[in-house]
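Spelled out, the chains give:
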Protein chains: 2
Amino acid sequence: MAVSVVLNGTGGRKVTVAPEKAERIREIARELRYQPNHVARTFRSGRTAQVAVVFQNFGHFRSHSSYRGDVMNGVMDALFPEGYTLSLCPKLMDERHPDAISDGRFDGVLWCRPDLSDASATALQHARVPVVMMHAPAGTVLGVPTFCADNEGAMRRVVAHLVSLGHEKLAFVIDPVSEHSIEGQSRAEALKSAARRVGLQEPDVIVLGQDHRILSRYAEPDAPHTALVCFSDELAGFVLKSCEQFGIDVPGHVSVVGFDSSPLCETTRPRLTSVAQPVERMAFEATTHLLSLIRAAEEGKPSQSATSTLYDCVLDIRESTAPPPAH
Amino acid sequence: MAVSVVLNGTGGRKVTVAPEKAERIREIARELRYQPNHVARTFRSGRTAQVAVVFQNFGHFRSHSSYRGDVMNGVMDALFPEGYTLSLCPKLMDERHPDAISDGRFDGVLWCRPDLSDASATALQHARVPVVMMHAPAGTVLGVPTFCADNEGAMRRVVAHLVSLGHEKLAFVIDPVSEHSIEGQSRAEALKSAARRVGLQEPDVIVLGQDHRILSRYAEPDAPHTALVCFSDELAGFVLKSCEQFGIDVPGHVSVVGFDSSPLCETTRPRLTSVAQPVERMAFEATTHLLSLIRAAEEGKPSQSATSTLYDCVLDIRESTAPPPAH
DNA sequence: TTGAAAGCGTTACCAT
DNA sequence: ATGGTAACGCTTTCAA
């Protein structure tokens, strides 16, 4: 009816309403406290103006990590000025409902969860809405653009720093959960390849579960490694704590490097040297790209081939790295 | 049709379908990659299974404060197991669209934004969905339940701590934005009343904008106050920085107390004594209550009178408080 | 310029 | 047991 035209400015822009009638409509609407029903409009138009964000390791982000906050800041900065709503949906977080992606609720999905199962991968690939991934290398899922830290470059910087201090025997430390994630594999490989580049022996990969006794040997002069490069700051934090318990001096006996350069790094003793990914910027640009894909899809444009973007990481050098012990 | 019954288990539970037909339906659905349209179901049922959270001072939460993360953790812990989706909506964050609350998209709203304008207050009161507020004293908006820190109790603890150290001249420090918020007023009043209780002179209220020169006098022996109780950790952090610039020793010349006991408190020099609110628990319980209101409304139960819950705060004593300087 | 009608996908109800 | 029909609120198209 005319009401729709007057109040919501729609109506194929071919319809005009007499000014006085329009005024009367507005008045009555005010009187009745009329609110256009957003769900009905969404239903009719097929446009939800809503974007979902899916996080990895959901429970883990209760820690002091600022990761989730950084992602959300970037996402909101991209979404809100464009009028999009951000949605965190339990079904999407749960591996068991992978095709909730395409249930019509979301115009697009930002998938920050490289630990994907086969079912999720299939669902992502067949999603009826645009999807963008963070923290996954190019081509992880066919047709899905990726925004990822340059793990190779990051590990080259880590190795350069450690080598400049005199280290030769490195190890990569990872937790059993992340071990099988794409990002975990990618960082482990990147460290190995960076070490190879400078002629170092290949770093070992240490999977560190509940039992940290393996760390106890690092006080001894014949320790197998003098520097531990950790998958995350959180893990590095646990390593520091265990070292303290075992009477191992960091960085005197062994150097420790984290990943993310979160606020946690400033609170540990010693303060933690760590790789900084520009998480907020990655999230912002990934989301912006997602919006452009959404608009293209709405205008019926053919989907372009998937792009992939790598982000340079810097090494924030703090106090947990130093020359290895002299023999 | 039968399809609805078979695939979505609905259909007034009076309808039955022959097993073989049901199987055929399922098969075809699989073949077509059929996905029930969630928007249509929402439209039809009027139930969105979506709850909105509205934050205060949106821009401010880019800081190291863990506030927003704490709230979100509590909210998600309450929502996700019940299958509700969390939504952050730019319209709700924006004062100009207050009645987006009732546009049908949300089954309920958690309003963490005591800095409300008159328009928002009216919108909250007339909302067609249940609303719950955090950080606002009882009765802030008629009919809206509140979940709030016990500012009175918190300030009594702060005063007790400072008095035990020997302080007599206190001030409340607040930024110009928070000054007019309900929570700002409430904490200022709470400090005054706590001081009065123990026979201290009434604390001054210092509104601290960009210009911190007013702090320079605290190095002098006749400084008007020996302890500054700040509205937030963030503000306290700025105070610490300015003090350092002016050569004022904290806690030697003046003691500083924050509010929130966020991770920031561990990173400042000296580490910041601060009041801890159980933000995550508050958010969890507020959200749980919201869900119960939503269910009651769905079942057509009359709305109960609004409850209000106060949360005990503890004082985390760190390094920024000490006895006042001897004259 | 205005009004009437169809349809989006789902589900509840009521005839068969 | 089965399947047809109407309705949710909105927007667009078409006819008056």
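Residues numbered from 1 in each chain as written. Chains lettered and ligands numbered in written order. Predicted model: local features only at pLDDT ≥ 70, side-chain atom pairs only at ≥ 80, totals over all residues. Heavy atoms only, no water.

Under an unreviewed UniProt entry, chain A has the name Transcriptional regulator, LacI family and belongs to Fimbriimonas ginsengisoli Gsoil 348.

*Asks:* Let's hear about the interface of chain A and chain B: which residues, and what values?
*Replies:* How big an interface is tends to be stated in terms of the accessible area lost upon association of its parts. Of the residues lining the interface, 45 residues belong to chain A; the matching set on chain B comes to 45 residues. Summed over both sides, the interface of chain A with chain B buries roughly 3600 Å², with 55% coming from carbon and sulfur. Our enumeration of links across chain A and chain B arrives at zero salt bridges. Seen at the junction of chain A and chain B, the total is twelve residue pairs in polar contact (both at pLDDT 80 or more). Grouping the constituent residues of the side of chain A that touches chain B by class yields 17 nonpolar, 17 polar and eleven charged. In this sheet, strand 2 (residues 85-88) of chain B lies alongside strand 2 (residues 85-88) of chain A in antiparallel orientation, the contact comprising three bridges. Among the inter-strand pairings, A:S87 is bridged to a residue of strand 2 of chain B, identified as B:S87. (Contact = heavy atoms within 4.5 Å. Buried area = accessible area lost by both parts, 1.4 Å probe. Salt bridge = Lys/Arg side-chain N within 4 Å of Asp/Glu carboxyl O. Polar contact = N/O pair within 3.5 Å; in protein donor to acceptor, adjacent residues only side chain to side chain. Nonpolar A, V, L, I, M, F, W, Y, C, P; charged D, E, K, R; others polar. Pairing = 2+ DSSP bridges. Helix = DSSP H or I, 4+ residues; strand = E, 2+ residues; numbered from the N terminus.)

*Asks:* I'd like a rundown of the sheet that holds strand 11 (residues 308-311) of chain B, residues and numbers included.
*Replies:* Pairing is mixed across the open sheet formed by twelve strands, whose spatial order is 11(A)-5(A)-4(A)-3(A)-1(A)-2(A)-2(B)-1(B)-3(B)-4(B)-5(B)-11(B). With one partner strand each, in any of the chains shown, strand 11 (308-311) of chain A together with strand 11 of chain B form the two edges of the open sheet. Ignoring strand direction, the axes of neighbouring strands in this sheet form an average angle of 20 degrees. Direction of pairing for strand 4 (residues 131-134) of chain A relative to strand 5 (residues 146-149) of chain A: parallel, over a ladder of two bridges. Residue pairing in the sheet places A:M133 in a bridge with A:T146 of strand 5 of chain A. Strand contacts of helix 12 (residues 279-298) of chain B: strand 1 (50-55), strand 3 (108-112), strand 4 (131-134), strand 5 (146-149) and strand 11 of chain B, with the helix running at about 165 degrees to strand 4 of chain B, the strand carrying the most contacts. (Axes fitted to C-alpha atoms, helices over the stretch in contact; angles between N-to-C directions.)

*Asks:* Go over the pairing of strand 10 (residues 273-276) of chain A with me, naming the residues and quoting the values.
*Replies:* Residues and elements named next belong to chain A. What you see with strand 10 is no split at all: T273 and V275 on one side and S274 and A276 on the other are buried throughout. As judged from the three bridges shared by strand 9 (residues 255-259) and strand 10, these two strands associate in the parallel manner. If you follow F259 over to strand 10, its bridge partner there is V275. Two elements, strand 10 and strand 12 (residues 314-316), share three bridges in a ladder whose sense is antiparallel. Across the sheet, residue A276 finds its bridge partner in strand 12, namely V314. (Buried < 20%, exposed > 50% of the residue type's maximum accessible area, 1.4 Å probe, protein only.)

*Asks:* Which residues make up the packing of helix 7 (residues 151-165) of chain B against helix 9 (residues 182-197) of chain B, and what are the values?
*Replies:* Residue and element names in this part refer to chain B. The contact between helix 7 and helix 9 brings their axes to 8 Å, and the two run at 50 degrees. Comparing their axes, helix 9 and helix 7 come out oblique. Remark: the crossing between helix 7 and helix 9 carries right-handed chirality. Note on element contacts: helix 9 touches helix 7 through E183, S186, R187, A190, L191, S193, A194, A195 and R197, opposite N151, E152, M155, R156 and V159. Class assignment of the residues belonging to the contact of helix 7 with helix 9 gives a composition of six nonpolar, three polar and five charged. (Parallel < 35°, antiparallel > 145°, perpendicular 65-115°, else oblique. Left-handed = near helix turned anticlockwise from the far one by under 90°.)

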